[in-house]
Structure formats: structure tokens, C-alpha cells
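Descriptive structure summary
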Amino acid sequence: MMKTLPTLVLSAEDADGFFYLDGHLASRAGSAVRIPAPAYGEHCLQFFPLGAHHFPVTLGIDFSGGLLRTSPKNAAQVVHWPENVWEICVLPWRQPVLSSPFPRVLDSCTLPWDGGMNATLFWENALYVAIENEQGALLLGERLCDNCTDGRLRLIPRCDASDLLLVHNDQAPGICAVIRFEDKPELYFCETADSCTLETEDSPLLVCLRDLKDPAGHQLKTSITLDRALEVRRETGFFTGAPTPPENEQELVCMFLGAVKLKLEEEAATYLTPSLRESYPFSVLQEYLGDFSGFSIPPYTLQADDDRPLVGLLADQDEETRARIFEFEVLAVMQENTEKNLINNIKEKCSWFE
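These remarks concern the structure in this document. Just so you know, these numbers come straight off a predicted model, no measurement behind them.

The subject of this paragraph is the pairing of strand 26 (residues 320-335). Relative to strand 26, strand 25 (residues 310-317) runs antiparallel, the two sharing eight bridges. Pairing of Gln317 across the sheet is with Glu320, part of strand 26. Counting the residues between successive antiparallel strands, the hairpin from strand 25 to strand 26 contains two residues, one of them, Asp318, with a positive phi of roughly 55 degrees. Here strand 26 pairs with strand 27 (residues 338-348) via ten bridges, running antiparallel. Of the residues in strand 27, the one forming a bridge with Phe328 is Ile346. What sits between strand 26 and strand 27 in their antiparallel hairpin is a turn of two residues, with Glu336 showing a positive phi close to 55 degrees.

In this structure the tally under the stated criterion is twelve salt bridges. For Arg234, the salt bridge identified is with Glu191, shortest N-O distance 3.1 Å. Here Arg234, found in strand 23 (residues 232-237), pairs with Glu191, found in strand 19 (residues 185-193); they are 43 residues apart in sequence, far enough to count as distant. On the basis of relative accessible area, Arg234 is assigned to the partly exposed category, the value being 46%. Salt-bridge contacts for Glu320 lead to Arg322; the nearest nitrogen and oxygen are separated by 2.7 Å. Residue classification places Glu320 among the buried residues on the basis of a relative accessible area of 7%.

With that settled, consider the sheet that holds strand 3 (residues 24-28). Overall, antiparallel pairing links the five strands, which are arranged 3-2-5-7-8 in an open sheet. Pairing within the sheet leaves two strands with one partner each, and these edge strands are strand 3 and strand 8 (67-71). In this sheet, adjacent strand axes meet at a mean angle of 30 degrees when their direction is disregarded. Bridging between strand 2 (residues 17-21) and strand 5 (residues 41-49) involves five bridges; their strand directions are antiparallel. Considered in strand 5, the bridge of Phe18 is made with Phe48.

What follows deals with the packing of helix 1 (residues 249-261) against helix 4 (residues 282-289). Interaxial distance between helix 1 and helix 4 falls to 11 Å at its minimum, and their mutual angle equals 100 degrees. On the basis of their axis angle, the class for helix 1 and helix 4 is roughly perpendicular. Residues Phe256, Leu257 and Val260 of helix 1 pack against Phe282, Leu285, Gln286 and Leu289 of helix 4. Considered class by class, the residues forming the contact of helix 1 with helix 4 number six nonpolar, one polar and no charged.

With that out of the way, let us pick up the sheet that holds strand 17 (residues 164-168). The strands that make up a sheet are held in pairs by hydrogen bonds between backbone atoms, and each pair lies either parallel or antiparallel. If you walk across this open sheet you meet the four strands as 16-17-18-19, and the pairing is antiparallel. Among the strands making up the open sheet, the edge pair consists of strand 16 (152-156) and strand 19. With direction set aside, neighbouring strand axes in the sheet form an average angle of 20 degrees. Bridge count for strand 18 (residues 174-181) against strand 19 is eight bridges, and the pairing is antiparallel. Each residue of the ladder has a partner; that of Gly174, found in strand 19, is Ala193.

Further remarks concern helix 4. Those residues of helix 4 that sit buried are Phe282, Leu285 and Leu289. Projection of helix 4 onto a plane perpendicular to its axis shows the buried side chains occupying an angular sector of 60 degrees, all on one side. At its buried positions, helix 4 is contacted by helix 1, helix 2 (265-269), strand 25, strand 26 and strand 27. Downstream of helix 4 by a residue or two, Gly290 has a phi angle that is positive, lying close to 80 degrees.

On to the environment of Arg158, then. Structurally, Arg158 can be placed in the loop between strand 16 and strand 17. Each C-alpha atom of the pair Arg158 and Leu226 lies 7.8 Å from the other, and the pair is 68 residues apart in sequence. Residue contacts for Arg158: discarding those within four places in its chain leaves Asp163, Leu164, Leu226, Asp227, Arg228 and Leu230. There is a polar contact of 2.4 Å between the side chain of Arg158 and the backbone oxygen of Asp227.

This part is about unusual backbone geometry. Geometrically, the link from Ser71 to Pro72 is a cis peptide bond, its omega value of 0 degrees lying close to zero. Although it is not a glycine, Asp14 sits at a positive phi angle of roughly 60 degrees. You can see Asp14 is positioned in the loop between strand 1 (7-12) and strand 2. The exposure class assigned to Asp14 is exposed, which follows from its relative accessible area of 63%.

Let us now look at the nonpolar core. Soluble globular proteins: nonpolar side chains tend toward being buried together. Within the largest apolar cluster, 24 residues are counted, with the highest numbers of intra-cluster contacts made by Phe256, Leu257, Leu289, Phe328, Ile343 and Ile346. At the level of elements, helix 1, helix 4, strand 25, strand 26 and strand 27 are the ones that each hand at least two residues to this core. Per-element accounting of this core gives the leading share, seven residues, to helix 1. When neighbours within four sequence positions are excluded, Phe256 is seen to be in contact with Ala268, Tyr271, Leu272, Leu285, Leu289, Phe328, Ile343 and Ile346. Counting 21 residues, the second largest nonpolar core, distinct from the first, contains Ile131, Leu140, Leu165 and Ile179.

About the cut-offs
- Residues numbered from 1 in each chain as written.
- Predicted model: local features only at pLDDT ≥ 70, side-chain atom pairs only at ≥ 80, totals over all residues.
- Heavy atoms only, no water.
- Pairing = 2+ DSSP bridges.
- Helix = DSSP H or I, 4+ residues; strand = E, 2+ residues; numbered from the N terminus.
- Salt bridge = Lys/Arg side-chain N within 4 Å of Asp/Glu carboxyl O.
- Buried < 20%, exposed > 50% of the residue type's maximum accessible area, 1.4 Å probe, protein only.
- Axes fitted to C-alpha atoms, helices over the stretch in contact; angles between N-to-C directions.
- Parallel < 35°, antiparallel > 145°, perpendicular 65-115°, else oblique.
- Contact = heavy atoms within 4.5 Å.
- Nonpolar A, V, L, I, M, F, W, Y, C, P; charged D, E, K, R; others polar.
- Arc of directions from axis to C-beta.
- Polar contact = N/O pair within 3.5 Å; in protein donor to acceptor, adjacent residues only side chain to side chain.
- Core = buried A, V, L, I, M, F, W, Y, C linked by side-chain atoms within 4.5 Å.

Just distances and angles here, no functional claims.
As C-alpha cells, then:
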């Protein structure tokens, strides 16, 4: 049996332009376009953007052993779809923003730890925190974030344990970090946050919120008790607003998959018809859909006869990201005197080409 030649679906992130394959014009990046690669082996893929702030990108693509490899790896995102279709999203190289070669100090404070220390928060092409002793010896130097250019330090005194040092941005999007002192200063916690608040009603509690940027508008809430235990608790939900209602069947399906990915059983059930909920428990649906790290709309024409929503579930496998395509049947169901669209059936649409 002859092997089917791979089909490339080419796009570029946040940019329009033209693709060339082995020196020949292949497609424009405004919309996904199917083009057959001439053969297996090594090829040259080039993207020439039309924007003034982007630069051309050249990368090598290699079809061998049933895989597609790009060089350099960080120049594109690659998804392997069924029927030997490869989606390549080129990440255009942007003109670098020149910054001062000297560090910019954002905040500083003295610490009562071990006879006295000094903490400095500064930006030098990334956000750093440094802690020195009174003799100027560096005891802690941590790179906290690459894109947060602001922040401040706050010392939190504790009665039953050593004080804590917080790095945060209050209500502005940025960073939240906790530094503690035991035998020496150490970074205990650090992650990006859209907001950071300190609650002191009963016992000090640090609360960080981060938007997960999924279709429903979920947020990740991280709470840290500022006592000796420093317990970290995480919750997923809607803490500063109501969930975004789906505008169409495709959004309904994506919101359901987002709830499944986050393991929110009760929320996922609200997107299903009563018959589907009763017939297939959440654990069965999880096993059927499999472990997936994300989902995406198929980039090529593979529609059901009745235009049912199709979604590809992405998972890392064999050094590549693979997509399994599922078809969803959506029905209008009356609930509490209101008609709602709900998912009534799920089936895998495409099997892998052998």
C-alpha cells in the first residue's frame, strides 16, 4: 500500500504573510490552507510576514519515522491530526525591544533575619529578587518572571515562626512570590497572578487569582496560610464574575471540554442532556475522551453531514502533539421553562491512518 503524502496546514501566530516550501510559494497565512508536501524527508519552510514589526522566519521540517520535526523547535507549534495532516503554526520573530543594560531597582527593604539582611527587587530583562547579608554576600538570587516589570516587597511578621517576605503586584497583573527564612532565605512559592490580596480577619491569608483564559472564564484561586504550616490550597471556579454563557454549539462543546480538563464533574454535567448524564458517569466520559492537554478546532474541512461540532483533543505522544477528532451531537432541551442547547452524544470521528 502506498503511503499518503503528508498534508501541511500552515498558519502564523498574530501575523499575516506568505509561506514558501523549498523555495516555492505555498500559501498565504490569513486562513488555514491545505498543501501537499512533495515527499518525505527534509524540507525548508519559510514565512515572510507583511507586518512592519515582524521578521522572516526560516525553519527546517523533517518527515521521518512517522514524525514531523522542526528545527529550531521553538520556532513553531506542531499538531498531528488524523489522515496524515500536520498543522504548523509559525511563531514569528519580533523585533527585540532594547532595554537598559543596567538593573532598575523596583523596591528594597531590610530584614531582621539572622542579625540583619537586605532584600532588593529589580528588573534586568527579567524580574529578580536578591537577598544579601550585612557584609554584602549574596544569600539568595532568584529569577521570578520574564514579563512582569513591576512589583514591591512586603515583610509579614509572624508570632510563631520566622517572618515572610512577599513579592507581589497587589491588584495589577503580575507576580506573587513568598520567601521564607529557616536556616537561610529560600523561595517557597512563585507564580503569575492577575491579583494578589492579603486577608487578615482571622489569620493572615494570601489569596492569588489567575484567569485561566478558557472559554467559560474559569479562574484559579491559590490561598496560602501565612502561619508556620504555609499550607497552599487551590480552587478552580468563578470568583469575580459569572461564567460566560455559550453563544453557539461550538462554544458549548469547548466549555464542556474545559470543565472535563479541569476535572469539574458537576459543571461538566450541566452541559449534558439528562439521558447522557444518566447513561454515562463522569468517570466513563473521562476514560472515553482520554487524557488531553488542550483542544482545538480542526483546521481543515472534515465536517459531519449535519454540521455537528467537531473538536480535536490534543495530547503529547511519541515526541509530538497528536489530535483525536470527536463529533458532538447537540439538542435543544427544555429545562425550567427555558430551552437550552445540551450535548446528547459524543463519538470519535476519525481514526488514525495506518
